[in-house]
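The lines below spell out each chain.
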Amino acid sequence: MNFKPVDMQLLDVISNIKSIPAGAINIRRDGEPVIRQSSPNIRIGTNADNNGLLVEIKPGTRNETVHVPVIVTKAGFHDKVYNTFVVGEDADITIIAGCGIHNDSHSDSGHDGIHEIIVKKGARMKYAEKHYGEGNGQGKRILNPTTNIILENGAIAEMEMVQIKGVDDTIRTTIAHIGDKASLKIVERLMTHGEQKAVSDVRLYIEGQGGSGQILSRSVGRDDSVQVFKAALVGQNECLGHVECDAIIMDKARIQSIPELIAENAEAVLTHEAAIGKIAGEQLIKLMSLGMTEKDAIDTILEGFLR
Amino acid sequence: MLKLENVSMTVNNSNGFRREIIRDININFEPGKLYAITGPNGGGKTTLAKVIMGIYQHSAGNIYLNGEDISQLGVTERARRGIAYAFQQPPRFKGLNVSDLIKIAAPGVDGMGLRKKLRDVGLCPEDYLDRDMGPGLSGGEAKRIEIAQVLSRDSVISIFDEPEAGVDLWTVQRLIGLIVQKYQDNPESTAIIITHHENVLPICDEIIVLEEGFIKLQGSSKQIWPLIRDDVQCKMREQCRGEVCYEL
């Protein structure tokens, strides 16, 4: 496999891959698969439209992880991929996705990842996706992920989406349909700086009886960056839903937080909390009184907040 | 060890009038001694503590630590020179956990040390090491973790701002015992406790009574305690209906 140091660095940041792991994996670089490997329980193939992956996890598969990272290193390249994941009944697995862009040029580079995830009856899935950009060119690094997820009855999923550094422009769209006694927790962590723009639009339809949905967002806006966070819960049955968005605003950043609760059933219980504020002065003073510089205190507070 | 020389602090209130919060304070804190600062609310006790820590900048006078004039040093520099302050109302941190804060207070502390520091303040390490320092902690829990941080530091001056506030009576006894054990007769360090507690004041070496920003009384506890005992005990009785009857 011909991996350059820059490739390995990106893979390490987005997927914590230092060498190629055993088990099911697909690494996509500049629109082409460079490694594809299935496991006895997880089959990775090309989808019917030949424009992405079909990842099929056998029913009952336990404690396996599938890695599907994407890297873009070619200047001015814009990648688009449609991936489908089917997590079989009663399986319990982890999907590690993520995208890293290295762009030293003056042309924009980007990746649009369109994921459809079906978590079958009684299955459990953890999904982690980290987005990262680097490079010295003036060309933008653009990531626009779209995730549609369906949780069948009794399925449980936890999705963690992280974007900490280097992505200039992102529009993230997440739509979920949650069945009877199914449960979805979405955790987003975001930091923007410079003149970056980030929009996240999450919509959970809690359709099944006893279903539950949670959206937790922590974000930090620095410099002149702009963030818009929209989180909607639609309760269509006897269900529980909660949205929590916490943001730290710094410098000349702008943060807009728009929680939306729509109850279409009298038994739906939907709640939200939203807060935007700067770092409290007393937090800084407290850490400085333990010997930290002001800069280290800020970094420590932000690192903890986004952990 | 720590010397305050004619220290005053003035603020401009909302009407534009100047108001002196502490006035012309002269104290020489000596090593190996335990000092109590007491007095009525609004008398300037916490302000004085924050002036020593560098959180508030005093407007007149000088502060010396081991002979060095630290008057113009900020909080970080004073902390690095060995001044520590346990906040009366510790701030909360979403995302940082208890062990993060203890490790910041005592860099290099190992797992055993971390556990011991929590056990010392009456908290079970297994329950608290990974607990978030956010709003989920009760006031008493946050206070004990705050005191554990200051006890973890090898400070030359340690200031405890009302360590008893918000902490249950059983734990107060234990915390004060720890402070006495660590600082009294320790030639390397000095502890200052801001307190109204009738069981704490008489066991300190020196008592300083601050009122309206002035030092009203200052001397050994043998001298001062008899003068203020009736007042302090009377106030305690009103607050607790005479139910505080344990001995340290």
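Notes on the structure follow. Being a predicted model, the structure only gives us computed values, none of them experimental. (Residues numbered from 1 in each chain as written. Chains lettered and ligands numbered in written order. Predicted model: local features only at pLDDT ≥ 70, side-chain atom pairs only at ≥ 80, totals over all residues.)

**A few points about the overall build of chain A**
Secondary structure summary: chain A contains 3 helices and 22 strands in total. Its C-alpha radius of gyration of 20 Å places chain A within 12% of the 19 Å reference for a compact globule of 307 residues. Judged by the C-alpha coordinates and their principal axes, chain A covers about 55 × 55 × 35 Å. Of all 307 residues assigned to chain A, the portion counted as buried reaches 45%. By sequence separation, contacts in chain A at least 24 residues apart represent 80% of the contacts at least 6 residues apart. (Helix = DSSP H or I, 4+ residues; strand = E, 2+ residues; numbered from the N terminus. Rg over C-alpha atoms; globule rule 2.2 N^0.38 Å. Buried ≥ 20, exposed ≤ 12 C-beta atoms within 10 Å, placed from the backbone. Contact = placed C-beta atoms within 7 Å.)

**A look at the nonpolar core**
Of all hydrophobic cores here, the largest spans 133 residues; its most connected members are A:L151, A:L204, B:I159 and B:I193. Here this core gets 6 residues from one element, more than from any other, and that element is helix α6 (residues 139–152) of chain B. The contacts of A:L151, once residues within four sequence positions are left out, are A:V119, A:A157, A:A176, A:H177, A:I178, A:G179, A:A182 and A:L184. Judged by nonpolar contacts, the second largest core, of 13 residues, contains A:I14, A:V70, A:I101 and A:V167. (Core = buried A, V, L, I, M, F, W, Y, C linked by C-beta atoms within 7 Å.)

**Observations regarding the environment of A:R141**
All names here are of chain A. If you trace the backbone, R141 turns up in strand β12 (residues 141–143). The class for R141 is buried, based on 26 C-beta atoms found within 10 Å. In this structure the C-alpha to C-alpha distance between R141 and L306, which are 165 residues apart in sequence, comes to 22 Å. The contacts of R141, once residues within four sequence positions are left out, are I101, N103, S109, G133, G166, V167 and D168.

**Points about helix α1 (residues 45–53) of chain B**
Quick reminder: α-helices carry 3.6 residues per turn. Residues three or four places apart thus point the same way. All names here are of chain B. With 9 of its 9 residues buried, α1 lies for the most part within the structure. K45, T46, T47, L48, A49, K50, V51, I52 and M53 are the residues of α1 that are buried. Where α1 ends, the next residue or the one after it, G54, has phi of about 90°, a positive value.

**A look at the sheet that holds strand β8 (residues 190–194) of chain B**
Residue and element names in this part refer to chain B. The mixed open sheet is built from 6 strands, whose spatial order is β6-β7-β8-β3-β9-β10. A single partner strand is all that each edge strand has here, and the edge strands are β6 (83–86) and β10 (214–220). Here the strands of the sheet are splayed against their neighbours by 15° on average, with no regard to which way each runs. In the sheet, strand β3 (residues 34–38) pairs with strand β9 (residues 206–211) via 4 bridges, with the strands oriented parallel. Bridging across to β9, I37 finds its partner in I208. Of the strands in this sheet, β3, β6, β7 (157–161), β8 and β9 are in contact with α1, which crosses β7 at around 150°. Contacting β6 and β7, α6 crosses the sheet at an angle of about 170° to β6. (Pairing = 2+ DSSP bridges. Axes fitted to C-alpha atoms, helices over the stretch in contact; angles between N-to-C directions.)

**Quick look at the sheet that holds strand β2 (residues 18–29) of chain B**
Residue and element names in this part refer to chain B. Taken together, the 4 strands give an open sheet; going across it, the order is β2-β1-β4-β5, and neighbouring strands pair in antiparallel fashion. The two strands at the open ends of the sheet, each matched to only one other strand, are β2 and β5 (68–69). Pairing geometry for strand β1 (residues 2–12) and strand β4 (residues 60–65), over 5 bridges, is antiparallel. Each bridged residue has a counterpart across the sheet, and for L4 the counterpart in β4 is I63. In this fold α1 packs onto β1, β2 and β4, with an angle of close to 65° to the strand it touches most, β2.

**Details of the interface of chain B and chain A**
With 17 residues of chain B in contact, the opposing surface of chain A contributes 17 residues. Every element with two or more residues in the side of chain B that touches chain A is listed here: α2 (75–80) and α3 (98–105) of chain B. Looking at the side of chain B that touches chain A residue by residue, the class counts come to 11 nonpolar, 3 polar and 3 charged. (Nonpolar A, V, L, I, M, F, W, Y, C, P; charged D, E, K, R; others polar.)

**Looking at helix α7 (residues 169–183) of chain B**
For α7(B), with 15 residues, the first-to-last C-alpha span of 22 Å sits near the 21 Å given by 1.5 Å per residue. Directly beyond the C-terminal end of α7(B), a positive phi value near 65° is found at B:D185. (Expected span 1.5 Å × (residues − 1).)

**Quick look at the packing of helix α4 (residues 111–120) of chain B against α6(B)**
Residues and elements named next belong to chain B. Two elements in contact, α4 and α6, have axes separated by 9 Å at closest approach and are oriented at 125°. Comparing their axes, α6 and α4 come out oblique. Two packed elements cross with a definite hand, and for α4 against α6 that hand is right-handed. Facing K117, L118 and D120 of α4, the residues of α6 in contact are A148, L151 and S152. (Parallel < 35°, antiparallel > 145°, perpendicular 65-115°, else oblique. Left-handed = near helix turned anticlockwise from the far one by under 90°.)

**A short note on unusual backbone geometry**
Positive phi, close to 55°, is recorded for A:D251, a residue that is not glycine. Note that A:D251 resides in the loop between β20 (239–249) and β21 (254–263). Its 11 C-beta neighbours within 10 Å are what place A:D251 among the exposed residues. One non-glycine residue, B:E212, adopts positive backbone phi at about 50°. Residue class for B:E212 comes out partly exposed when judged on the 14 C-beta atoms lying within 10 Å of it.

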